[in-house]
Amino acid sequence: MKRLSLTLAACLIGSAALAAEVAPKDVQFDEYGAVATSLTGTAGDAANGAVIAGTKSQGNCIACHQITALAEVPFHGEIGPSLDGAGDRWSEAELRGLMTNAKMTFDGTMMPAFYKVEGFIRPGDAYTGKAPTEALTPILSAQQIEDVVAFIATLKEE
Ligand code: HEC
């Protein structure tokens, strides 16, 4: 019980601090799928974004993309294009749109929507194959999206 109330307290403090955060359903996309406004108002941490991009349970971007800057992380997939130079190809707003919901940029893409909780055709409870019992949470938090955007923005052609 003690642990539960501590967790609750942490959540309450957390949500007060995150009051300025844009909720997944409130994200504003332009007609090309870009998102101009930061989801949190706090600058992204590129180093943390690199960790998220290479971590299976988080962004897991390398499951589908090669990223030379993460060459020490094994097993880069080839479903999507290499992200080398993506910081030259896309603006920050375009990257934020891609990370939030890539389907707004590429209609019908396989790339997952990392910051989305509504509008799935058949939402599942993680990998259990059952319908969800609680409200869905996005794959990445708003700040994790900003961190990944900051990291991808550093990937320039040499
Ligand atoms: C399930 C596979 C998959 C995952 C996981 C995935 N992507 Fe993608 N991504 C794609 C595909 C496929 C495309 C090509 C767009 C299309 O569908 O035509 C793409 C396109 C992109 C592009 C634009 C391509 C370019 O010019 O560089 C960027 C940037 C990108 N992804 C970043 C990411 C990041 C960052 C992550 C992790 C947070 C991620 N992707 C996770 C499949 C994936």
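Here the structure is a predicted model, which is why all the values come from computation and not from measurement. (Residues numbered from 1 in each chain as written. Predicted model: local features only at pLDDT ≥ 70, side-chain atom pairs only at ≥ 80, totals over all residues. Heavy atoms only, no water.)

Colleague: Would you mind showing me how to read the overall build of the protein here?
Modeller: A tally of regular secondary structure across the protein gives five helices and zero strands. Going from N to C terminus, the protein has its helices and strands arranged as α-α-α-α-α. Within the protein, the fraction of its 158 residues that count as buried is 30%. Within the protein, counting contacts between residues at least 6 apart in sequence, those at least 24 apart form 56% of the total. As presented, the protein carries roughly 10,100 Å² of accessible surface, and 60% of it is formed by carbon and sulfur atoms. (Helix = DSSP H or I, 4+ residues; strand = E, 2+ residues; numbered from the N terminus. Buried < 20%, exposed > 50% of the residue type's maximum accessible area, 1.4 Å probe, protein only. Contact = heavy atoms within 4.5 Å. Areas by Shrake-Rupley, 256 points an atom, 1.4 Å probe, with all protein chains shown as cover.)

Colleague: Hey, could you run me through the site of the ligand in this one?
Modeller: Taken together, 24 residues sit near the ligand, with Cys 61, Cys 64, His 65, Thr 109 and Met 111 positioned nearest. Here an oxygen atom of the ligand sits 2.8 Å away from a polar atom, N or O, in the side chain of Trp 90. One of the side-chain N or O atoms of Thr 109 is found 2.4 Å from an oxygen atom in the ligand. For the shell around the ligand, the secondary-structure elements that each account for two or more residues are helix H3 (86-89), helix H4 (92-101) and helix H5 (142-153). Top contributing element to the shell around the ligand by residue count: H4, with three residues. (Near = heavy atom within 4 Å. Polar contact = N/O pair within 3.5 Å; in protein donor to acceptor, adjacent residues only side chain to side chain.)

Colleague: For this particular structure, what's the right way to read the coordination of the iron atom of the ligand?
Modeller: In ideal tetrahedral geometry, four donors around a metal make angles of 109.5 degrees, whereas ideal octahedral geometry with six donors gives angles of 90 or 180 degrees. Note on the iron atom of the ligand: its protein donors are His 65 (NE2) and Met 111 (SD). The metal-donor distances range over 2.0 to 2.1 Å. Given six donor atoms and angles of 87 to 178° at the metal, the environment of the iron atom of the ligand is assigned as octahedral. A residue pair is termed long-range when its members are at least 10 positions apart, and His 65 in the loop between helix H2 (46-54) and H3 and Met 111 in the loop between H4 and H5 qualify at 46 residues. (Donors = N, O, S within 2.8 Å, 3.2 Å for Na, K, Ca; no water. Tetrahedral: all angles 85-135°; square planar, octahedral: opposite > 155°, others 65-115°.)

Colleague: Explain H5 here, please?
Modeller: Along an α-helix, residues three or four apart share an orientation, since each turn contains 3.6 residues. Between its terminal C-alpha atoms H5 stretches 17 Å, which fits the 16 Å expected from twelve residues at 1.5 Å a residue. All of the buried residues in H5 are Ala 142, Ile 145, Glu 146, Asp 147, Val 148, Val 149, Ala 150, Phe 151 and Ile 152. On its buried face, H5 sits against H2, H3 and H4. (Expected span 1.5 Å × (residues − 1).)

Colleague: What is the right way to read the pattern of salt bridges from this model?
Modeller: Where charged atoms from two side chains of opposite charge come close, those side chains can pair. Within this structure, the stated rule accounts for five salt bridges. The shortest N-O distance in the salt bridge between Asp 88 and Lys 156 comes to 4.0 Å. Of this pair, Asp 88 sits in helix H3 while Lys 156 sits in the segment after H5, placing them 68 residues apart in sequence. Accessibility expressed as a relative area gives 47% for Lys 156, which makes it partly exposed. Measuring nitrogen to oxygen at the nearest pair gives 2.8 Å for the salt bridge that ties Arg 96 to Glu 146. Of this pair, Arg 96 sits in helix H4 while Glu 146 sits in helix H5, placing them 50 residues apart in sequence. Overall, Arg 96 belongs to the buried group, its relative accessible area being 1%. (Salt bridge = Lys/Arg side-chain N within 4 Å of Asp/Glu carboxyl O.)

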